[in-house]
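Residues per chain are reported as follows:
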Amino acid sequence: MKLNHNCVRDVLLYLESVPYIETNCDGDMEFTGVALDSICEALPEYAAEVIFYTLFELDDGGHISLSAGSADDVIENCCVNYITYAGHEFLNTIRANPTWEKTLDIAGEIGNFSLRILEKIAEGVAAAVIKQKLGLP
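Read on for an overview of the structure. Please read all numbers here as calculations on a predicted model, not as lab measurements.

Quick look at the packing of helix 4 (residues 85-94) against helix 6 (residues 115-134) now. Contact geometry for helix 4 and helix 6: axes closest at 9 Å, N-to-C directions at 50°. As the angle between them shows, helix 4 and helix 6 are arranged oblique. Considering the relative orientation of helix 4 and helix 6, their crossing is left-handed. Of the residues in helix 6, those touching helix 4 at Phe 90, Thr 93 and Ile 94 are Leu 115, Leu 118, Glu 119, Ala 122 and Glu 123. In terms of residue class, the contact of helix 4 with helix 6 is built from five nonpolar, one polar and two charged.

Here His 63 is to be found in the loop between helix 3 (48-60) and strand 4 (64-71). For His 63, the side chain forms a polar contact with the main-chain oxygen of Gly 61, separated by 3.4 Å. Excluding residues within four positions of it along the chain, His 63 makes contact with Leu 58, Ile 83, Thr 84, Ala 86, Gly 87, Phe 90, Leu 115 and Glu 119.

Attention shifts here to helix 5 (residues 97-110). A rise of 1.5 Å per residue sets the reference length of helix 5, with its 14 residues, at 20 Å; its end C-alpha atoms lie 20 Å apart and thus fit the reference within 8%. Looking at helix 5, one finds that the buried residues are Thr 99, Trp 100, Thr 103 and Ala 107. In an axial view of helix 5, the angular spread of the buried residues amounts to 95°, which keeps them on one side of the axis. Away from the buried face of helix 5 by more than 90 degrees, exposed residues Pro 98 and Glu 109 are located. If you follow the buried residues of helix 5, they end up packed against helix 1 (5-17), helix 4 and helix 6. Positive backbone phi, approximately 75°, marks Gly 111, located one or two places after helix 5.

Each value, and the rule that gives it
- Positions within a chain are numbered from 1, following the residues in the order the chain's sequence is written.
- Reporting of local features is limited, given that this is a predicted model, to residues whose pLDDT is at least 70; pairs of side-chain atoms are given and counted only at 80 or more, and all residues count toward the totals for whole chains, interfaces and linings.
- Hydrogen atoms and water are omitted, and side-chain values are computed over all heavy atoms in the structure.
- For helices, the fitted line uses only the C-alpha atoms of the stretch in contact; every axis is such a line through C-alpha atoms, and the angle between N-to-C directions lies from 0 to 180 degrees.
- What counts as a helix is a DSSP run of H or I of at least four residues, what counts as a strand is a run of E of at least two, and both are numbered from the N terminus.
- Angle categories are assigned with fixed cut-offs, so that under 35 degrees is roughly parallel, over 145 is roughly antiparallel, 65 to 115 is roughly perpendicular, and the rest are oblique.
- Note on convention: the crossing is left-handed when the near helix lies turned anticlockwise from the far helix by less than a right angle, right-handed when the turn is clockwise.
- Contacts are assigned to residue pairs with any non-hydrogen atoms lying within 4.5 Å of each other.
- Polarity classes work like this: nonpolar for Ala, Val, Leu, Ile, Met, Phe, Trp, Tyr, Cys and Pro, charged for Asp, Glu, Lys and Arg, and polar for all others, with Gly in that last group.
- Polar contact is the term for a pair of N or O atoms within 3.5 Å; when the atoms are in protein, one must be able to donate a hydrogen and the other to accept it, and sequence-neighboring residues count only if both atoms are side-chain atoms.
- By this rule the span expected of a helix is its residue count minus one, scaled by 1.5 Å.
- Using a 1.4 Å probe on the protein chains alone, a residue whose accessible area is under 20% of its type maximum counts as buried, one over 50% counts as exposed, and one in between counts as partly exposed.
- To obtain the arc, one takes the directions from the helix axis to the C-beta atoms.

The analysis is restricted to geometry; functional conclusions fall outside its scope.
Structure representation (structure tokens):
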């Protein structure tokens, strides 16, 4: 299955927008997580399979903490526990639309769309913008 990079960005943006920590009835804080169904409902432009695969890859890449169980080859109880620090760092790099669009353009030119390469390209694009704003060569 091919990883949809726009889905990666949209999922991270959505996950950042929802609370993960709540205070329970005993007054203790606890992680609540975000269920796959909620993510699919919030991002109807993507098929559930595409979103699940995106979550699976983001977890594998260390960008989110995912809990998912399966029984008889059926995915059950899929929940994002939280975005990791690395996930927040990646999202902060690709948040701005111009940076994201330039990142995808460059990745398309070189023909490499791995998450690791997208991160490196986005970091380079952001660094170039910073240099330009500071008037550095």
